[in-house]
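One letter stands for each residue in the lines below.
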Amino acid sequence: MDYIEEFLTALTTETPDTVWHALIQVRDEIPARLQTRLAERARELGRDDDADDLAPLGTTAN
């Protein structure tokens, strides 16, 4: 699990939009738990639209 924390930490305000968009495009292949963590990280970074797109289906971000 350490690599997941490292990956999430590597996502910063400097992360290019293309990375976020790529994650959103493969969202269905990402386990729901990791989708949730990615959405949380996006929201921490002020990327609310990306957070909404990354959150597992059927969940609400707010």
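Residues numbered from 1 in each chain as written. Predicted model: local features only at pLDDT ≥ 70, side-chain atom pairs only at ≥ 80, totals over all residues. Heavy atoms only, no water.

Some remarks on the confidence of the model for the chain
Stage number 1. Confidence in the prediction of the chain, expressed as mean pLDDT, is 92, and 90% of residues score 70 or more.
Stage number 2. Within the chain, the element-level pLDDT minimum falls on helix α1 (residues 2–10), averaging 93, and the maximum on helix α2 (residues 17–25), averaging 98. (pLDDT = per-residue confidence, 0-100. Helix = DSSP H or I, 4+ residues; strand = E, 2+ residues; numbered from the N terminus.)

Considering the nonpolar core
Stage number 1. Of all hydrophobic cores here, the largest spans 13 residues; its most connected members are L11, W20, L23, L38 and L54.
Stage number 2. In this view, L11 contacts V19, W20, L23, L38, R41 and L45; residues no more than four positions away in its chain are not counted. (Core = buried A, V, L, I, M, F, W, Y, C linked by side-chain atoms within 4.5 Å. Buried < 20%, exposed > 50% of the residue type's maximum accessible area, 1.4 Å probe, protein only. Contact = heavy atoms within 4.5 Å.)

A closer look at the pattern of salt bridges
Once the charged atoms of two side chains with opposite charge are near each other, the side chains can pair.
Stage number 1. Enumeration according to the criterion identifies eight salt bridges in this entry.
Stage number 2. With its nearest N and O atoms 3.1 Å apart, the salt bridge here joins D48 to R43.
Stage number 3. For D48, a relative accessible area of 39% translates into the label partly exposed.
Stage number 4. For R43, a relative accessible area of 24% translates into the label partly exposed. (Salt bridge = Lys/Arg side-chain N within 4 Å of Asp/Glu carboxyl O.)

Comments concerning the environment of A51
Stage number 1. Considering the arrangement of structural elements, one finds A51 in helix α4 (residues 48–54).
Stage number 2. Of the residues examined, A51 reaches a relative accessible area of 0% and is grouped as buried.
Stage number 3. Between the alpha carbons of A51 and P31 there is a distance of 15 Å; along the sequence they are 20 residues apart.
Stage number 4. Discounting residues that sit within four places of it in the chain, A51 has contacts with A39, A42 and R43.

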